[in-house]
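# Fold and contact review
Below are the chains, spelled out letter by letter.
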Amino acid sequence: MTTSSRTVRRGRPGHDRADVIRAGVELFNEQGYDATSVSDLTGRLGLTKSALYHHVESKEQILQIALEDALGGLEQALEDALQQPTAGARLTAIIEGAVRVLTERQPQVTLLLRLRGNSEIETAALARRRRFDHTVTGLVREAQSEGIVRGDLDAGVATRLIFGMINSVVEWYRPDGPVDPELLAGEILAVALGGLQPRD
């Protein structure tokens, strides 16, 4: 394929595939995935439908790409955490990693957290999220066995409480705001694990 033909397939100058995906995720978060039409996307971008389809096959593909970005980031953070030598280090690493993913990929994670399972793509994403939660619950149990987390707590409930706090970040964090994402991870870690530590 020649350079000129590749240029034609990219569609109208001024927009690339990343622009289309970003606009789609913004609209899905603003008005809901089911309520967003292809016409909404073309209107937001100022593109014709044929120009939009140079970039993506459908709005479903935009959803799939965005969810893969969110889930892929969280799963990679979990994989990295699992390489740590102790349960305490693993739990610390996944909390820090999850906060990092949420602040770096806020729109995509927001979309993930608002899924209702109304399509095969959403159902598959929710199943991956449940596997992630199940593995993190296992990390909490390991930390309990090492005496790092209180043994009288239900590990599943503790996991939901930790991630309830982490997930709330998508509702108020602003990349251009005053909160440093690295400091935020440390503060969430202190609050989450501080409340889980065994009493003297």
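Here, every reference points to the structure presented above.
Parameters and conventions
- Residues numbered from 1 in each chain as written.
- Predicted model: local features only at pLDDT ≥ 70, side-chain atom pairs only at ≥ 80, totals over all residues.
- Heavy atoms only, no water.
- Phe/Tyr/Trp six-rings, centres within 6.5 Å; stacked < 30°, edge-to-face > 60°.
- Buried < 20%, exposed > 50% of the residue type's maximum accessible area, 1.4 Å probe, protein only.
- Helix = DSSP H or I, 4+ residues; strand = E, 2+ residues; numbered from the N terminus.
- Lys NZ or Arg CZ within 6 Å of the ring centre and 35° of its normal.
- Expected span 1.5 Å × (residues − 1).
- Arc of directions from axis to C-beta.
- Polar contact = N/O pair within 3.5 Å; in protein donor to acceptor, adjacent residues only side chain to side chain.
- Axes fitted to C-alpha atoms, helices over the stretch in contact; angles between N-to-C directions.
- Left-handed = near helix turned anticlockwise from the far one by under 90°.
- Contact = heavy atoms within 4.5 Å.
- Nonpolar A, V, L, I, M, F, W, Y, C, P; charged D, E, K, R; others polar.

Before going further, it helps to spend a moment on the packing of aromatic side chains. One pass over the structure, following the stated rule, counts two aromatic pairs. Aromatic side chains phenylalanine 28 and tyrosine 33 sit 4.9 Å apart centroid to centroid with 80° between the ring planes, which places their arrangement in the edge-to-face category. For the pair phenylalanine 28 and tyrosine 33, a shared accessibility class is recorded, and that class is buried. Each ring, one from phenylalanine 132 and one from phenylalanine 163, has its centre 5.6 Å from the other, and the planes form 90°; the classification is edge-to-face. Here phenylalanine 132, found in helix H8 (residues 120–145), pairs with phenylalanine 163, found in helix H9 (residues 155–167); they are 31 residues apart in sequence, far enough to count as distant. The ring centre of tyrosine 33 lies 4.3 Å from the NZ or CZ of lysine 59, which sits over that ring.

Let us now look at H9. Here H9 contains 13 residues, and its C-alpha end-to-end distance of 18 Å stays within 8% of the 18 Å for a straight helix at 1.5 Å per residue. Taken residue by residue, H9 has Ala155, Gly156, Ala158, Thr159, Ile162, Phe163, Ile166 and Asn167 as its buried positions. Along the axis of H9, the buried residues cluster in a sector spanning 160°; they form a single face. Away from its buried face, by an angle of more than 90 degrees, H9 presents the exposed residues Arg160 and Leu161. Where H9 starts, the residue carrying a side-chain oxygen 2.9 Å from the main-chain nitrogen of glycine 156 turns out to be aspartate 154.

This next bit is on the packing of H8 against H9. Running from amino to carboxyl end, H8 crosses H9 at an angle of 115°, the nearest separation of the two axes being 9 Å. Considering the relative orientation of H8 and H9, their crossing is right-handed. Taking contact as the criterion, the partners of Arg129, Phe132, Asp133, Val136, Thr137, Val140, Arg141 and Gln144 in H8 are, on H9, Ala155, Gly156, Ala158, Thr159, Phe163 and Asn167. Of the residues in the contact of H8 with H9, the class split is six nonpolar, five polar and three charged.

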